[in-house]
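Below are the chains, spelled out letter by letter.
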Amino acid sequence: MNALEPVLNDPPATTPHSELRRGAVAALPVLLGFIPFALVLGAQASQHQLTAGAVALMTGLNFGGGSELAAIELWTSPPAILVIVAMTLLINSRHLLMGATLAPCLRHLPLPKALGALFFMCDESWAMGLADARQRGGFSLCYFMGVSLSLWITWVTFTSLGTQIGPLLGDLRSYGFDMAFAAVFLVLLKGLWKGVHAALPWLFSLFTAALFYLLIPGGWYVLAGTVAGLVTAYLWAKP
């Protein structure tokens, strides 16, 4: 089975409430990586005179840490809106691939409900949702939402808190906080590993992104890696 191929069987019989709770509990270890990175992001925002309310609005509407950090790094007075929007679209382009893998799992839902689920999707909830589907024999929307909502609430809360305590603690990146986010995601990828054959789209995407990162300035490596992964997955898919 392809590592990005969703599982469409019905999951074991459960109640929506128990699945939401199971997702929230499963998200607790991931929060160890979310909280430090959220504080770093909030602290960076405070250095650009962004208020806690503005940061909460940004992180709540655009649930993507990489694009938010890039937006803050590019923030000027007045802000270069078009540049920030373009960079956000480039960095968030990976969600095209992530959303495509979840589409078969959400196809039976009404469009507003499916879009609502995708709105709260992030790298970690996507990885955890697919890993849980393979372990239990089917995709659980309530489990996915339990993970996603827990991470979203934590992210918005602690990015806002970071704007308040960041100036008191100085540069939080000097403590290595920003590495916690990447470390957690690398652990999550282990749950999706199905061997080298199934991981070829990932590896080709990584190679393409690294090549663009070294040769072309800016955030084009994100879009290039996403497109490379999509094309490779399509060509590599079994009939």
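What you are looking at is a predicted structure, and each value in this text was computed from that prediction instead of being measured. (Residues numbered from 1 in each chain as written. Predicted model: local features only at pLDDT ≥ 70, side-chain atom pairs only at ≥ 80, totals over all residues. Heavy atoms only, no water.)

Each helix and strand counted, the protein chain has twelve helices and zero strands in total. Helices and strands in the protein chain line up, N terminus first, as α-α-α-α-α-α-α-α-α-α-α-α. A separation threshold of at least 6 residues defines the contact pool for the protein chain, and within that pool the share at least 24 residues apart is 80%. By element, 73% of the accessible surface of the protein chain is carried by carbon and sulfur atoms, the whole surface being about 12,500 Å². (Helix = DSSP H or I, 4+ residues; strand = E, 2+ residues; numbered from the N terminus. Contact = heavy atoms within 4.5 Å. Areas by Shrake-Rupley, 256 points an atom, 1.4 Å probe, with all protein chains shown as cover.)

Under the present numbering, the feature "transmembrane region" (unreviewed entry) in UniProt falls on residues 20-43, 78-97, 141-160, 172-189 and 196-214. With 96% helix and 0% strand, the stretch residues 20-43 has end C-alpha atoms that lie 31 Å from each other. With 100% helix and 0% strand, residues 141-160 has end C-alpha atoms that lie 28 Å from one another. (UniProt positions renumbered as here; feature names shortened; annotations may be inferred.)

Residues spaced three or four apart along an α-helix point in a common direction, a consequence of the helix completing one turn every 3.6 residues. Taken together, the buried positions of helix α3 (residues 52-61) are V55, T59 and G60. Buried residues of α3, seen end-on, are gathered within an arc of 125 degrees and therefore sit on one face of the element. Looking at α3, the residues exposed on the side facing more than 90 degrees away from the buried face are G53, L57 and L61. (Buried < 20%, exposed > 50% of the residue type's maximum accessible area, 1.4 Å probe, protein only. Arc of directions from axis to C-beta.)

Here we take up the nonpolar core. In this structure, F34, F63, V147, L151 and W155 are the most contacted members of the largest nonpolar core, which totals 19 residues. Broken down by secondary-structure element, the contributors of at least two residues to this core are α2 (28-47), α4 (65-73) and α9 (141-169). Looking at this core element by element, the count peaks at seven residues for α2. Other than its neighbours up to four places away in sequence, L151 contacts A27, V30, L31, F34, F63, C122, E124 and S125. Counting residues in hydrophobic clusters, the runner-up holds 17 residues, among them F120, W126, A127 and L141. (Core = buried A, V, L, I, M, F, W, Y, C linked by side-chain atoms within 4.5 Å.)

Moving on, we get to helix α5 (residues 81-91). Those residues of α5 that fall on the buried side of the exposure criterion are I84, M87, T88, L90 and I91. One side of α5 carries all its buried residues, which in axial view fall inside an arc of 160 degrees. In α5, the exposed positions that point more than 90 degrees away from the buried face belong to L82 and L89.

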